[in-house]
Amino acid sequence: MPKATAVWLIENTALTFEQIAAFCGLHELEVQSIADEEVAIGIIGFDPVANGQLTREEIERCNADPAARLEMAVQDIPRPAPRTKGPRYTPVARRQDKPDAIAWLVRHCPALTDGQISKLIGTTKPTIVAIRERTHWNMANIKPREPVGLELCSRVDLDAALEKAGYVPEPPLEDSDAFPVEQLARTEPDPPDRDPQLG
């Protein structure tokens, strides 16, 4: 709310229009128009000190030196972590993808329990058991697909569930176990003979 902050600074401080404009991200003429009540009429001032954007000491420092610029106060209050616990609301159009996501988790993440899969995808344990035992009514049409790609859970939630389940990813293949380059070269088809007339 840059204009509301500018209104408060104009009414409550002796800062120059240039200082206020630099802090609020406005043009100096726009700040002057606010002071002349040509624009921002009826806007209630927003106190940047109460909001933690500025300190009284910073305002006094800039009042004493018109060439100084206001600096934003550093906030040491930790930001609240976004809520990631439990499944999100799944739109009706995406709910048909849940069996595919369950099948993918059952196949690729066997360390996850039915309860963890239920929380990740937002489904019931009987559905998970039916897919795990291949007795689901629509088993013929279920194709395992990654739940993150289907937007049924986030990568952070999936990684946290795997870590909690004690899942350790398989180490990458070493050079001795890798596919031999000579064998790869032998399996490639020979290039077709080029016609000299075609260049």
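What you see is a predicted model, and the numbers here were worked out from it, not measured in a lab. (Residues numbered from 1 in each chain as written. Predicted model: local features only at pLDDT ≥ 70, side-chain atom pairs only at ≥ 80, totals over all residues. Heavy atoms only, no water.)

Core analysis: the largest hydrophobic core is formed by 21 residues, its most contacted members being Ile-102, Leu-105, Leu-112, Ile-117, Leu-120, Ile-121 and Leu-158. Looking at this core, the elements with two or more residues in it are helix 5 (98–108), helix 6 (114–121), helix 7 (125–132) and helix 8 (155–164). Excluding residues within four positions of it along the chain, Leu-158 makes contact with Trp-104, Leu-105, Leu-112, Leu-120, Val-148 and Cys-153. Core analysis: the next-biggest nonpolar cluster, separate from the first, contains 18 residues, Phe-23, Val-31, Leu-54 and Ala-68 among them. (Core = buried A, V, L, I, M, F, W, Y, C linked by side-chain atoms within 4.5 Å. Buried < 20%, exposed > 50% of the residue type's maximum accessible area, 1.4 Å probe, protein only. Helix = DSSP H or I, 4+ residues; strand = E, 2+ residues; numbered from the N terminus. Contact = heavy atoms within 4.5 Å.)

The next point concerns the environment of Asn-138. For Asn-138, the position within the fold is in the loop between helix 7 and helix 8. Sequence spacing of Asn-138 and Pro-99 is 39 residues, and the spatial spacing of their C-alpha atoms is 8.8 Å.

Before going further, it helps to spend a moment on the environment of Ser-118. Inspection of the secondary structure puts Ser-118 in helix 6. Given the relative accessible area of 16%, Ser-118 is considered buried. Once the C-alpha coordinates of Ser-118 and Ile-128 are considered, the two residues, ten residues apart in sequence, prove to be 7.6 Å apart. Beyond its immediate stretch of four places on either side in the chain, Ser-118 contacts Thr-123, Thr-124 and Ile-128.

Attention shifts here to the pattern of salt bridges. When their charged atoms lie close together, side chains carrying opposite charge are able to pair. In total, this model carries seven salt bridges according to the counting rule given. The partner of Arg-61 in a salt bridge is Glu-58, with the nearest N and O atoms 2.5 Å apart. In this pair, Arg-61 and Glu-58 both sit in helix 4 (residues 56–64), three residues apart, roughly one turn of the helix. Arg-145 is paired through a salt bridge with Asp-97; the nearest N and O atoms lie 2.8 Å apart. In this pair, Arg-145 sits in the loop between helix 7 and helix 8 while Asp-97 sits in the loop between helix 4 and helix 5, placing the two residues 48 residues apart along the sequence. A residue is classified by how much of its surface remains accessible, and Arg-145, at 35% relative accessible area, is partly exposed. Residues participating in the shared-partner salt-bridge network are Asp-97, Asp-100 and Arg-145. (Salt bridge = Lys/Arg side-chain N within 4 Å of Asp/Glu carboxyl O.)

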